[in-house]
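Chain residues, written in single-letter form:
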2 protein chains.
Amino acid sequence: MNEQMTRPQADKGDGRKVSPTRLKVLQVAANLFADRGYSGVGVNEISEATGLGRGALYYHISSKEDLLYDITTAYMSDLITDGRAIADAETDPVERVRALSRALMMTISEHLSEMTVCFRELHALTDERRRAVTGLHSDYQAIWAMALADGLTKGVFKPTPSVVLKGLLGMYFYSFLWLTPRGPQNAADIGNAFADVVLNSVRK
Amino acid sequence: MNEQMTRPQADKGDGRKVSPTRLKVLQVAANLFADRGYSGVGVNEISEATGLGRGALYYHISSKEDLLYDITTAYMSDLITDGRAIADAETDPVERVRALSRALMMTISEHLSEMTVCFRELHALTDERRRAVTGLHSDYQAIWAMALADGLTKGVFKPTPSVVLKGLLGMYFYSFLWLTPRGPQNAADIGNAFADVVLNSVRK
DNA sequence: CTTCTATTGTACCGATCGGTCACCACGATA
DNA sequence: TATCGTGGTGACCGATCGGTACAATAGAAG
């Protein structure tokens, strides 16, 4: 679906063949974008923060928007992958919701800058790529929707309107604004607390 | 405390008279900022969209950031004013939460562009003004916190961790991303649905 | 008719925007 | 030695950035 167009010959065969320099650029750019917004950060700033000159920077990236796209998709894809693994592994609907909740909060907490960009800078992407990212968001929401539907068929949950699911996910997504990354343990606690909120609303 | 600047129209006991041209500029700018982000919109674009030349535009505003500040504070101040009125008028904790919920969703829905900017473009403000706006957010959260505390003392609610309240408010705030002003459900319906979510989590 | 104030258009400022360019340093291989 | 691929430099491009200067316009008052 989402082809990672890195550089000419970079990572076609092996999946983890992204140059460490590019990785560093992605991290630095994510921090800057999270701080001042995509349009508020110039390539000059990224150049200085990474210690690379303009030319060297553009050797590792193809465009500034390319950078944004990679940042917004990286951990959202992970979220989907992990979410599907949880859905496959956990059969109890209640425990599945709890696991999804913890995983979501921990990912947001551990990659706060990237998730901030992912949730807040969608508008800066051009049409095609924005549609790709919103597609990822839909895919992730579908994982939760299926978890709730499973609980419904098993008689544990009551029907949940999609607007309520959107709201509940917004509860997680909006946390980038007030969350302070203190560690995964803290994030897990919040995940558990939010899971209670969800379960209180979807349980029979 | 935070009401020194101009607010759209003088229907709320605001003595200041705002020129209709400035009002138009604020509306147009809010739409543009919501669409492409504060830093992504140039004053040239605002100039063209309003039909005013650069000089004429700067006769009505003092700076681009001034515009952003007014947009972010206008309806957040209204939210606080209305919220306090609701808190004073409604003594039943459950009904107070429902009223707050409906009012919040209706304000977000009716002024979607402005609220989008308010929730998403905070980082573009300079320190002093950003602190002022985050202060407004805190003030608004305090209104909800007092509503929950009131329900607690009346024996209707159980204690609610502040992190849960932040999450529940995020459920509302994040809705700017998927809300459609003329969507299948009206804002009051969504407000009621969200109120149920809140009440399911705070009720004894 | 002046004279004033309120509003507007246009040319312009220095700075910065995203992106490209020719050129270069260096290790590996032949 | 010569060649090549990888990674890097820094000047440079046209366009646009937020903001200013200033003359021109209009309408009401005198």
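Nothing here was measured: the structure is a model prediction, and the numbers come from that model. (Residues numbered from 1 in each chain as written. Chains lettered and ligands numbered in written order. Predicted model: local features only at pLDDT ≥ 70, side-chain atom pairs only at ≥ 80, totals over all residues. Heavy atoms only, no water.)

## Topic: the packing of aromatic side chains
Applying the stated criterion to the full structure yields 20 aromatic pairs over all chains. Between A:Trp178 and A:Phe194, the ring centres sit 6.3 Å apart and the planes meet at 65°, which makes this aromatic pair edge-to-face. With A:Trp178 in the loop between helix H8 (162-173) and helix H9 (184-202) and A:Phe194 in helix H9, this pair connects stretches of sequence that are 16 residues apart. Ring plane angle 55° and centroid distance 5.4 Å describe the contact between B:Trp144 and B:Tyr172, whose orientation is recorded as tilted. Of this pair, B:Trp144 sits in helix H7 (residues 127-153) while B:Tyr172 sits in helix H8 (residues 162-173); the two residues are 28 residues apart in sequence, bridging distant segments of the chain. Here the aromatic residues A:Phe119, A:Tyr140, A:Phe173, A:Tyr174, A:Phe176, B:Phe119, B:Tyr140, B:Phe173, B:Tyr174 and B:Phe176 are joined through ring pairs into a cluster of three or more. Positioned over the ring face of A:Tyr69 is A:Arg129, at 4.9 Å from the centre of the ring. (Phe/Tyr/Trp six-rings, centres within 6.5 Å; stacked < 30°, edge-to-face > 60°. Helix = DSSP H or I, 4+ residues; strand = E, 2+ residues; numbered from the N terminus. Lys NZ or Arg CZ within 6 Å of the ring centre and 35° of its normal.)

## Quick look at the interface of chain B and chain A
Across the boundary between the two partners, chain B contributes 29 residues, which contact 28 residues of chain A. If you sort the residues of chain B by the area they bury against chain A, B:His123, B:Tyr174 and B:Trp178 come out on top, with a joint share of 24%. Applying the counting criterion to the chain B and chain A interface returns zero salt bridges. For the interface between chain B and chain A, the tally reads two residue pairs in polar contact (both at pLDDT 80 or more). Those elements that place two or more of their residues in the side of chain B that touches chain A are helix H1 (20-36), helix H6 (112-120), H8 and helix H9 (187-202) of chain B. Broken down by element, the side of chain B that touches chain A gets its largest block of residues, eight residues, from H8(B). (Contact = heavy atoms within 4.5 Å. Buried area = accessible area lost by both parts, 1.4 Å probe. Salt bridge = Lys/Arg side-chain N within 4 Å of Asp/Glu carboxyl O. Polar contact = N/O pair within 3.5 Å; in protein donor to acceptor, adjacent residues only side chain to side chain.)

## Focus: the protein's contact with DNA strand C
By nearness alone, 16 residues border DNA strand C, and A:Val43, A:Arg54, A:Lys64, B:Tyr59 and B:His60 come closest of all. Taken together, the sugar and phosphate atoms account for 55% of what DNA strand C places within 4 Å of the protein. The side chain of A:Tyr58 places a nitrogen or oxygen atom 2.7 Å from a phosphate oxygen of DNA strand C. Of all the secondary structure elements, the ones that give two or more residues to the surface near DNA strand C are helix H2 (43-50) and helix H3 (54-60) of chain A together with helix H3 (54-60) of chain B. Counting residues per element, the surface near DNA strand C draws most heavily on H3(B), which supplies five residues. Here the surface near DNA strand C is composed, by residue class, of six nonpolar, seven polar and three charged. (Near = heavy atom within 4 Å. Nonpolar A, V, L, I, M, F, W, Y, C, P; charged D, E, K, R; others polar.)

## Quick look at the packing of H9(A) against H9(B)
To describe two helices that pack against each other, one gives the angle between their axes and the distance between the axes. It is at 8 Å that the axes of H9(A) and H9(B) come closest, and there the two elements cross at 110°. Accordingly, the angle class assigned to the pair H9(A) and H9(B) is roughly perpendicular. Considering the relative orientation of H9(A) and H9(B), their crossing is right-handed. Across the interface between the two elements, A:Val197, A:Asn200 and A:Ser201 from H9(A) touch B:Val197, B:Asn200 and B:Ser201 from H9(B). A per-class count over the contact of H9(A) with H9(B) returns two nonpolar, four polar and no charged. (Axes fitted to C-alpha atoms, helices over the stretch in contact; angles between N-to-C directions. Parallel < 35°, antiparallel > 145°, perpendicular 65-115°, else oblique. Left-handed = near helix turned anticlockwise from the far one by under 90°.)

## Overview of empty space enclosed by the protein
In the structure shown here, the tally under the stated rule is three cavities of 30 Å³ or more. Taken together, 14 residues make up the lining of the largest cavity; nearest its centre are A:Ser39, A:Glu121, B:Ser39, B:Glu121 and B:His123. Its residues placed into classes, the lining of the largest cavity shows two nonpolar, eight polar and four charged. (1 Å grid on protein atoms, 1.4 Å probe; cavity = no way out; pocket = protein on both sides within 12 Å on 5 of 7 lines; lining within 4 Å. Points joined across faces, edges and corners; volume = space filled by probe spheres on them.)

## Focus on the relation of the copies chain B and chain A
The two copies are related by a screw motion: chain B maps onto chain A through a turn of 179° and a shift of 0.1 Å along the axis, at an RMSD of 1.0 Å. With respect to symmetry, the two chain copies, as superposed, fit the operation of a two-fold axis. In terms of proximity to the rotation axis, the leading residue of chain B is B:Met171, whose C-alpha is 2.2 Å off the axis. When the interface residues of chain B are mapped onto chain A, 97% of them again fall at the interface, so both copies present the same face. (Least-squares fit on C-alpha atoms with pLDDT ≥ 70 in both.)

## Some thoughts on the protein's contact with DNA strand D
Every one of the 16 residues lining DNA strand D counts as a neighbour, but A:Ala56, A:His60, B:Val43, B:Arg54 and B:Lys64 are closest to it. At 3.0 Å, a backbone N or O of A:Gly53 approaches a phosphate oxygen of DNA strand D. The side chain of B:Arg54 places a nitrogen or oxygen atom 2.3 Å from a base nitrogen of DNA strand D. When contributions to the surface near DNA strand D are tallied by element, the ones reaching two or more residues are H3 of chain A together with helix H2 (43-50) and H3 of chain B. If one sorts the elements of the surface near DNA strand D by residue count, H3(A) sits on top with four residues.

## Thoughts on the domain arrangement of chain A
Residues and elements named next belong to chain A. Segmenting chain A into domains produces domain 1 (20-64) and domain 2 (65-202). Taking only C-alpha atoms, the centre of domain 1 and the centre of domain 2 are 27 Å apart. Each partner contributes to the interface: domain 1 provides 17 residues, whereas domain 2 provides 13 residues. Note on domain 1 versus domain 2: buried area summed over both sides is about 1,200 Å², and carbon and sulfur give 61% of it. Viewed at the interface, domain 2 and domain 1 are joined by two salt bridges. Notably, a salt bridge pairs Arg22 with Asp70, separated by 2.4 Å at the nearest N-O pair. Inspection of the domain 1/domain 2 interface yields 14 residue pairs in polar contact (both at pLDDT 80 or more). When residues in the side of domain 1 that touches domain 2 are grouped by element, the largest group, 10 residues, is from helix H1 (residues 20-36). (Domains from an automatic or database assignment.)

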